[in-house]
Amino acid sequence: MKRLLIYLKNYKIQCVLAPLFKMLEALFELFVPLVIAALIDRISDYSAFGDRTFVFRSFVLLIILGVVGLISSCTAQFFAARAATGFSEGLRHDLFKTLLGLKFSQIDELGTSTMITRMTADVNTAQSGVNMFLRLFLRSPFIVAGAVVMAFTIDFKAALIFVVLVTILFVVVELIMRSNIPMLKNVQSRLDRVLSLSRENLSGARVIRAFTAEDVRYEEFVQADEDLASYQQKAGAVSGLLNPLTYVIINLFVVVLVYTGNIRVSEGALTTGQVVALYNYMSQILLELIKFANLIVTINRALASADRIRAVLELGDEASAEKSGEVTYTESVTDNEYIVEFDKVSLRYHELSDEALTDISFRIRRGETVGIIGGTGSGKSSLIALIPGFYETTSGTVRVDGIDVKDADPDKLKKMVGIVPQKAVLFEGTIADNLRWGNENATDEELREAVRLSVAEDVVESKGGLEGEIEQGGRNLSGGQRQRLTIARALVKRPEILILDDSSSALDNLTDRRLRDNLKTLDYDPTVFIVSQRCSSVRDADIIIVLDDGLLAGLGTHAELMKNCEVYREIYESQFGKEGE
């Protein structure tokens, strides 16, 4: 939690005032039993029963104590809520920024469901913990201690009962919380599993229905949900012992208090009103200990959530440390002949995983069109992800414009490279808004040119022009329409290196051909990487890279590979036949 306390630095005043006003409320609350005791004693004295002035003053004083206590409570709640919401706002902003800045390997490790859980449930739980802490962490102990002190001001012997009571109650609360906290952590981990399954199944609902797998997925979810419920019941059963035990203990001590009070009243050492006051103080102790126990539960949940949030922020610190510090970025090599070079490159996503790429070497000249082809899982996307530095090589060197990607300025490198990923992602807004991600200063004419080059004029026209609305995730567009608009977005950027990662898979052959022809008419000369499983998409490339299970199986033109590369020839013949051209 210490890692997250920096988000309260702008709310120091609120963090001080909230508990202070709560203690002020508690102070007024402690005086109420004394006023009631005096009132009872005065009314029970029949000779003074006619003293209406005293009774009236007592009622007015009780009202004043109640009103001032209410104002103090509301004020404390305001400051606590202000600090807690400000804390969560700053935390959520930084967490979102951190998630956007993580390396691809870190994103893969976390997973989308986990990141969403951290952004929502964990931040909300941490916010609740801060709110409850500011309101109760001083109030409850203050009330308990104050009640014991007040009891001593009334009667020393009766107050000893309070000391024994508080000691026993604290032991009971400690034992229950000590056994309950690990259970609560287990509940949180099971909740993560349920949330992950919920997101996976709901986002893939169409696939599930297409394969009539509803029953299987439902049973899997029910199993996870029952597992969560089981742990919640166990945790609830233990924490549920708190109220009955404290009530039983309090009631036993109430009996002892009443019995002792009766004896002390008979001796003339106590009045009836004082016994009532002692009973009220005992009730206050009961309520505050229950509140304190709930506070401990809430704080422990908040600490568990804070620990998961901290882990994500530390991942962001690692990523930032690699980008900043004393790093001196290498300048571009003037007139370097090769814009992209792979020198004995290997890639392993995780330490225990197999190599996705092994000993890959090639060099690409400026302005060349490069085709990358291979079977599913051959490493095509892994290879092109190394060019903009999305992943780090396990061994070997990737150079862009003569610079080792590890030593390149990330911002400059991203400006050089325009990439269209396999999954076409669009965002809610207008078509123009989405296209200007490539260049926020692009004119409408430049946008229309990019749309023309990506063969997306019909898409834009069908939506009413560049100001046509795109729904969240581009769900009001077909797969091919989304792909063409994402290609247009990359073209607006006018990158030196354009990477099309299987980005025409949803296009028909004619549209795909028109797209490739249009790319040859660009008014500047970018280096283009075309990743595809279709030979027709790469056969006209200046150079074709053939991958097979992470290995470089072939490198050359279409004609050269047909003669010298068995893997390429098999792919080609599987698509066009042995007589295909």
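Everything quoted here is computed from the prediction, not taken from an experiment. (Residues numbered from 1 in each chain as written. Predicted model: local features only at pLDDT ≥ 70, side-chain atom pairs only at ≥ 80, totals over all residues. Heavy atoms only, no water.)

### Some thoughts on the domain arrangement of the chain
Phase 1 of the analysis: As assigned here, the chain comprises domain 1 (8–155 + 270–316) and domain 2 (338–576).
Phase 2 of the analysis: For domain 1 versus domain 2, the separation of C-alpha centres amounts to 57 Å.
Phase 3 of the analysis: Taken together, the contact between domain 1 and domain 2 spans five residues of the former and four residues of the latter.
Phase 4 of the analysis: Counting the surface lost from both domain 1 and domain 2, the interface buries some 430 Å², and carbon and sulfur atoms represent 64% of this.
Phase 5 of the analysis: For the domain 1 face of the interface with domain 2, the top three residues by lost area are F104, S105 and D108, together amounting to 77%.
Phase 6 of the analysis: For the interface between domain 1 and domain 2, the tally reads zero salt bridges.
Phase 7 of the analysis: On inspection of domain 1 and its partner domain 2, the count reaches zero residue pairs in polar contact (both at pLDDT 80 or more). (Domains from an automatic or database assignment. Contact = heavy atoms within 4.5 Å. Buried area = accessible area lost by both parts, 1.4 Å probe. Salt bridge = Lys/Arg side-chain N within 4 Å of Asp/Glu carboxyl O. Polar contact = N/O pair within 3.5 Å; in protein donor to acceptor, adjacent residues only side chain to side chain.)

### Some words on the sheet that holds strand 10 (residues 527–531)
Phase 1 of the analysis: Spatial strand order, 6-9-10-3-11-12: six strands in an open sheet with mixed pairing. Looking at strand neighbours, the two that pair on one side only are strand 6 (417–420) and strand 12 (551–556), the edges of this open sheet. In this sheet, neighbouring strand axes are inclined to one another by 15° on average, regardless of whether the strands run parallel or antiparallel.
Phase 2 of the analysis: Of the pairings in the sheet, the one linking strand 3 (residues 369–374) to strand 10 comprises four bridges and is parallel in character. From the neighbouring strand, V370 faces strand 10, where its bridge partner is F529.
Phase 3 of the analysis: Against the sheet, helix 16 (residues 479–493) makes contact with strand 6 and strand 9 (497–501), and its axis sits at roughly 175° relative to strand 6, the strand it touches most.
Phase 4 of the analysis: Lying on the sheet, helix 20 (residues 566–576) is in contact with strand 3, strand 11 (543–548) and strand 12; it crosses strand 11 at an angle near 95°. (Pairing = 2+ DSSP bridges. Helix = DSSP H or I, 4+ residues; strand = E, 2+ residues; numbered from the N terminus. Axes fitted to C-alpha atoms, helices over the stretch in contact; angles between N-to-C directions.)

### Some remarks on the nonpolar core
Most often, soluble globular proteins have nonpolar side chains that are buried together.
Phase 1 of the analysis: Within the largest apolar cluster, 47 residues are counted, with the highest numbers of intra-cluster contacts made by F162, L278, Y281, M282 and I285.
Phase 2 of the analysis: For this core, the secondary-structure elements that each account for two or more residues are helix 1 (12–44), helix 5 (139–154), helix 6 (156–203), helix 8 (214–239), helix 9 (242–266) and helix 10 (272–323).
Phase 3 of the analysis: The residues touching M282, leaving out its near neighbours within four places in the chain, are I161, F162, L165, I250, F253, V254 and L257.
Phase 4 of the analysis: A432, I470, L485 and Y568 belong to the second-largest nonpolar core, a separate cluster that totals 42 residues. (Core = buried A, V, L, I, M, F, W, Y, C linked by side-chain atoms within 4.5 Å. Buried < 20%, exposed > 50% of the residue type's maximum accessible area, 1.4 Å probe, protein only.)

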